[in-house]
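Single-letter residue listing:
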Amino acid sequence: MLWSLYIENIAVAKRLEISFREGFTVLTGKTGAGKSIIIDSLLLLCGAKNARELIRSGEERATVSALFSVNDSAKAKLAELGYEADENGEIELMRQIGADGRSTAKINRRTVPLSALKEIAPSLIGIQTQSERNSFADKTTYTSLVDSFAETENELLEYKVHYDQVTEIKGQIANLKKAMSQRDMMLDILKYQKKEIDLARLGADDEEEKLIKLRTKLRSFEKVSKYSSVVSKALAYSEKGATAAYLLERAEAALTQLSDVLEDADEMASRLQNYRYEIIDIAERVRDALDDDEIGNPAEKLTQVESRLSVIERVKKKYGETIAEVKAKRTEIANQIADLEDGDFRISELEKSLAEAEESAATSAAKITAKRQAAAAHLSEEIAESLRFLDMPKVRFRIAVTPIRENGKLIFKPDGVDDVDFLISVNTGEEIQSLGKVSSGGELSRITLAIKTALAGKNDSGTIVFDEIDAGVSGGTSERIGMMLKKLSETAQVISVTHSSQIASIADCHLLIEKSETDGRTESSVREITGDDRTAEIARIIGGIDVTEKQTAAAREMLNRNKK
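Read on for a plain summary of the structure. Just so it is clear, the model here is predicted, and its values are computed rather than measured.

## Comments concerning the sheet that holds strand β3 (residues 24-28)
Turning to step 1, where the next piece is worked out: If you walk across this open sheet you meet the six strands as β8-β14-β15-β3-β16-β17, and the pairing is mixed. What marks the edges here is a single partner per strand, and that holds for β8 (125-128) and β17 (521-528). Each neighbouring strand pair of the sheet contributes to a mean axis angle of 20°, computed without reference to strand direction.
Turning to step 2, where the next piece is worked out: Across four bridges, the pairing between β3 and strand β15 (residues 493-497) is parallel. Residue pairing across strands places Thr25 opposite Ile495, the latter belonging to β15.
Turning to step 3, where the next piece is worked out: Here helix α1 (residues 35-45) sits on the sheet and contacts β3, β8, β14 (463-467), β15, β16 (509-518) and β17; the angle it forms with β8, its principal contact strand, is near 135°.

Laid out in structure tokens, this is it:
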């Protein structure tokens, strides 16, 4: 339920702090006192579009926040959406709008995108404005309303699996038929593409990387050849002059001859031998680099590598960013060719699969239809009974759930196969018709309340706000609306902005919205009224500007009667 609402700098509300409690609460006040501020502020918390015009004149920003307590069911729903109540089982929504058009949203003081408020609000609060009531004239909302009563969640999940399969197969058939209509042309194109890739004779996935490394080596081969030759000739393989290896060998032999006169001659000779072997090894490794069989003729090899890289780059531009992607594309093209060459058979197989998928979808949809029709029968009678109580004695109301067929075949939709319509006849002798075609504003108000009452306990939100639900109805009917709101408050917190004395007298809690002048500015305030103050306010609603003693007595009688 909604515990508290804080409003700052919205229209004539400088700063309002409103506490709510369980049961049925009404808000009343003179025209222009600021009743609409409450509704507008709650709509902002539900993610309504940024309304800079709501900001109090002369202020830079406006703020609205609300504190809700949530039960275990709501906690589970919020957890599914990724939001947790605090340790007290409470959740706070906040919205701030600036004169520059910027908007900030927070959930439990954590900044979130505005879409998060839109996502979470239905689990906390439902607001019935005039435009919202008009939505009941839109039959696209009827299926979800019936489903909330019929509890079709599991059946819809099962159906969705089959519906998705039907949709996918239909897409495959449509694509294949489209391709088949231009089969010869498509085959020519695909075969050309396949041949172009095949002619590239792509090797390993890392072929291009290896070729780039070899190209780098070949481009610097002249430099490598020049300095490798210098190293090789200086160390061991020169046809002219003494090499380092030759000189070390001479020095080693000379030291050997001095072994009988020089104490460490043999040890030094051995060391020179090791040096000579290392120098020869270095010379051989450098020379091997020049004799690389992979290189052969460097200029010729470089031309071959450049040509090969050019081929690979050409097919990559058309078919993929890497060799692996090009090869995968080649496989895809080959499959398309196979499908086209054997298209009639493939379509036949897909149509068989589609028939099986549609049969499974129809079986799942039948379970949904059965639950909807059972719920519709129960709801129809309950709503009709409520409408008769709300001064529509001749009303006939029926929820029609009819599977949609075209040429004898079921039409599958994301939410099943049913057309759901709310049908009503208000007066004797009138044909029963779709609700949206025949209902007036006052009738829609009562129908909305009847539906909300019938669905009580099935709604996600524990708080329901009605904005002038009594609009367009007479006093006697208003009293019955108040009684219905009172009944609804047994299963949900009900808050109603009203101009009806009858409704106001029935409420558990009465909040009065007033306006006054402070420092030359108009400001709204809200306070709970009881006793004589409440009697005076109800008398004002009855009588208008000049309240008589009779009207005060009538107000007192209303309150006393409703206490009983």
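Okay, back to it.
## Section: the packing of aromatic side chains
Turning to step 1, where the next piece is worked out: Scanning the entire structure with this criterion turns up three aromatic pairs.
Turning to step 2, where the next piece is worked out: Ring centres 5.9 Å apart and planes at 25° place the aromatic pair Tyr159 and Tyr163 in the stacked group. With Tyr159 and Tyr163 both in helix α6 (residues 153-181), this residue pair falls four residues apart, about one helical turn. Each member of the pair, Tyr159 as well as Tyr163, carries the same accessibility label: buried.
Turning to step 3, where the next piece is worked out: Measuring from ring centre to ring centre gives 5.7 Å for Phe397 and Phe422, while their planes differ by 70°; the resulting arrangement is edge-to-face. Taken together, the residues Phe397 in strand β9 (residues 396-403) and Phe422 in strand β12 (residues 418-425) connect sequence positions 25 residues apart. Each member of the pair, Phe397 as well as Phe422, is classed as buried.
Turning to step 4, where the next piece is worked out: In textbook terms, an aromatic cluster arises when at least three aromatic residues are bridged by ring pairs, as seen for Tyr142, Phe397 and Phe422.
Turning to step 5, where the next piece is worked out: Its guanidinium or amino end placed over the ring of Phe389, Arg480 lies 5.0 Å from that ring's centre, counting from NZ or CZ.

## Description of the nonpolar core
Turning to step 1, where the next piece is worked out: With 48 residues, the main nonpolar core has Leu5 and Ile107 as its most contacted residues.
Turning to step 2, where the next piece is worked out: Considering every element that reaches this core, the biggest residue donor is α1, with six residues.
Turning to step 3, where the next piece is worked out: In this structure, Ile169, Met180, Tyr319 and Ala361 belong to the second largest nonpolar core, which totals 35 residues.

## Observations concerning the pattern of salt bridges
Turning to step 1, where the next piece is worked out: Applying the stated rule across the entire model yields 38 salt bridges.
Turning to step 2, where the next piece is worked out: Notably, a salt bridge pairs Glu528 with Arg21, separated by 2.4 Å at the nearest N-O pair. One end of the pair, Glu528, is in strand β17; the other, Arg21, is in the loop between β2 (13-19) and β3, with 507 residues separating them in the sequence.
Turning to step 3, where the next piece is worked out: Between Arg308 and Glu207 there is a salt bridge; the shortest N-O distance is 2.8 Å. With Arg308 in helix α12 (residues 298-319) and Glu207 in helix α8 (residues 207-219), the pair connects residues that are 101 residues apart, well separated along the chain. Across this residue pair, the class does not change: Arg308 and Glu207 are buried.
Turning to step 4, where the next piece is worked out: Salt bridges linked by common partners bring Lys139, Asp419 and Asp421 together as one network.

## A word on unusual backbone geometry
Turning to step 1, where the next piece is worked out: Phi is positive for Ala11, close to 50°, though the residue is something other than glycine.
Turning to step 2, where the next piece is worked out: By the element assignment, Ala11 lies in the loop between β1 (2-10) and β2.
Turning to step 3, where the next piece is worked out: Although it is not a glycine, Asn407 adopts a positive phi angle of roughly 55°.
Turning to step 4, where the next piece is worked out: Along the chain, Asn407 falls in the loop between β10 (405-406) and β11 (409-410).

## Comments concerning the sheet that holds strand β6 (residues 103-107)
Turning to step 1, where the next piece is worked out: Taking strand neighbours across the sheet as the criterion, the six strands line up as β2-β1-β4-β5-β6-β7 in an open arrangement whose pairing is antiparallel. The sheet is open, and its two borders are formed by β2 and β7 (110-112), each paired with just one other strand. On average, adjacent strands in this sheet sit at an angle of 15° to one another, irrespective of strand direction.
Turning to step 2, where the next piece is worked out: Contacting β1, β2, β4 (61-69) and β5 (90-98), α1 crosses the sheet at an angle of about 100° to β1.

## Examining the packing of α12 against helix α13 (residues 323-341)
Turning to step 1, where the next piece is worked out: It is at 9 Å that the axes of α12 and α13 come closest, and there the two elements cross at 60°. Considering the angle they form, α12 stands oblique to α13. Considering only the axes of α12 and α13, their crossing is left-handed. Contacts between α12 and α13 pair Ile312, Val315, Lys316 and Tyr319 from the former with Ile323, Glu325, Val326, Lys329 and Ile333 from the latter.
Turning to step 2, where the next piece is worked out: Classifying every residue of the contact of α12 with α13 by side-chain character gives six nonpolar, no polar and three charged.

## Here's the deal with a nonpolar patch on the surface
Turning to step 1, where the next piece is worked out: Among the surface-exposed residues, Leu258, Val261 and Leu262 lie close enough to one another that they form a single nonpolar patch of about 260 Å² accessible area.
Turning to step 2, where the next piece is worked out: In this fold, Val261 is placed in the loop between α10 (244-257) and α11 (265-290).
Turning to step 3, where the next piece is worked out: Relative accessible area serves as the criterion here: at 64%, Val261 is assigned to the exposed category.

## Some points on the side chain of Glu358
Turning to step 1, where the next piece is worked out: With respect to the helices, strands and loops of the structure, Glu358 is situated in helix α14 (residues 343-389).
Turning to step 2, where the next piece is worked out: Judged by relative accessible area, which is 13%, Glu358 ranks as buried.
Turning to step 3, where the next piece is worked out: Each residue touching Glu358, except ones within four places of it in the same chain, is listed here: Val166, Lys170, Lys409 and Phe412.

## Some thoughts on the environment of Leu262
Turning to step 1, where the next piece is worked out: Structurally, Leu262 can be placed in the loop between α10 and α11.
Turning to step 2, where the next piece is worked out: Every residue in contact with Leu262, bar those within four places of it in the chain, is listed here: Leu255 and Met268.

## Focus: α12
Turning to step 1, where the next piece is worked out: Between its first and last C-alpha atoms α12 spans 31 Å; for 22 residues at 1.5 Å apiece the expected length is 32 Å, and the two agree.
Turning to step 2, where the next piece is worked out: Of the positions making up α12, those classed as buried are Val305, Arg308, Leu309, Val311, Ile312, Val315, Lys316 and Tyr319. Taken end-on, α12 shows its buried residues confined to a sector of 155°, consistent with a single buried face. Set apart from the buried face of α12 by more than 90 degrees, the exposed residues are Ala299, Thr303 and Lys317.
Turning to step 3, where the next piece is worked out: Looking at the buried positions of α12, the neighbouring elements they touch are α7 (183-199), α8 and α13.

Scoring rules and cut-offs
- Residues numbered from 1 in each chain as written.
- Predicted model: local features only at pLDDT ≥ 70, side-chain atom pairs only at ≥ 80, totals over all residues.
- Heavy atoms only, no water.
- Pairing = 2+ DSSP bridges.
- Helix = DSSP H or I, 4+ residues; strand = E, 2+ residues; numbered from the N terminus.
- Axes fitted to C-alpha atoms, helices over the stretch in contact; angles between N-to-C directions.
- Contact = heavy atoms within 4.5 Å.
- Phe/Tyr/Trp six-rings, centres within 6.5 Å; stacked < 30°, edge-to-face > 60°.
- Buried < 20%, exposed > 50% of the residue type's maximum accessible area, 1.4 Å probe, protein only.
- Lys NZ or Arg CZ within 6 Å of the ring centre and 35° of its normal.
- Core = buried A, V, L, I, M, F, W, Y, C linked by side-chain atoms within 4.5 Å.
- Salt bridge = Lys/Arg side-chain N within 4 Å of Asp/Glu carboxyl O.
- Parallel < 35°, antiparallel > 145°, perpendicular 65-115°, else oblique.
- Left-handed = near helix turned anticlockwise from the far one by under 90°.
- Nonpolar A, V, L, I, M, F, W, Y, C, P; charged D, E, K, R; others polar.
- Patch = residues over 30% accessible without salt bridge, like charges linked within 9 Å, V, L, I, M, F, W, Y side chains within 5 Å.
- Areas by Shrake-Rupley, 256 points an atom, 1.4 Å probe, with all protein chains shown as cover.
- Expected span 1.5 Å × (residues − 1).
- Arc of directions from axis to C-beta.

By themselves these figures say nothing about function.
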